[in-house]
Amino acid sequence: RADQLSLTAELGSEAPGHNDVWPSDIYFYLNDVLLGMWTSPGDFGGTKGALNPEWWNSNMNQYGLLKCITVNHEGSFIDGVRISDVCIDQFKLDEHVPIRFRFEVPKEAEHVGGLTIYGRSFGNYGQDIRMKLEYSPVKAAQ
């Protein structure tokens, strides 16, 4: 039985060049179900990302913020703050159910500031998108 699914990623807005004050409403979906939204405050630059390669232009975005999206039996959370009542039980996850996670900035969002996803060789955190599924054994019927 799936108890908790967590996804961590370094995220930021996407502006022309970079702009530290460039809000963007990033929506999170699991298997096409909206979990909730977080507003990225900007597309950060000015200070080089710790992991960016030498060839990465200093006029471009440099790093994001590490965000953790969690879905469990109590609801959906970003960095421990509830973003919706959608809980993991709704997905009936087992070995036959694919897990599809989507990030989106809808064109009708209040802040349409784009989206940058950093990987292990860019930004400040040295990781690709990480997904972790925690589960407990299903008790056999007696």
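For the structure itself, look to the data block above.
The present account deals with the structure reproduced in this document.

Scoring rules and cut-offs
Residues numbered from 1 in each chain as written. Predicted model: local features only at pLDDT ≥ 70, side-chain atom pairs only at ≥ 80, totals over all residues. Heavy atoms only, no water. Pairing = 2+ DSSP bridges. Helix = DSSP H or I, 4+ residues; strand = E, 2+ residues; numbered from the N terminus. Axes fitted to C-alpha atoms, helices over the stretch in contact; angles between N-to-C directions.

### Re the pairing of strand 3 (residues 33-40)
Piece 1. Where strand 2 (residues 24-30) and strand 3 come together, 7 bridges link them in antiparallel fashion. By the bridge assignment, serine 24 is partnered in strand 3 with serine 40.
Piece 2. In textbook terms, the turn of a hairpin is the stretch between consecutive antiparallel strands, and for strand 2 and strand 3 this stretch comprises 2 residues, one of which, asparagine 31, has a positive phi near 45 degrees.

### Describing unusual backbone geometry
Piece 1. Unusually for a residue other than glycine, aspartate 32 sits at a positive phi of about 70 degrees.
Piece 2. Relative to the helices and strands, aspartate 32 resides in the loop between strand 2 and strand 3.
Piece 3. The backbone phi angle of lysine 92 is positive, close to 45 degrees, even though this residue is not glycine.
Piece 4. Among the structural elements, lysine 92 can be located in the loop between strand 6 (81-84) and strand 7 (101-104).

### Regarding the sheet that holds strand 2
Piece 1. Judged by pairing direction, the sheet is antiparallel, and its 3 strands sit side by side in the order 3-2-7 without closing on themselves. Here the strands that pair on one side only, and so sit at the sheet edges, are strand 3 and strand 7. The mean angle between the axes of side-by-side strands here comes to 20 degrees, regardless of whether they run parallel or antiparallel.
Piece 2. Relative to strand 7, strand 2 runs antiparallel, the two sharing 4 bridges.

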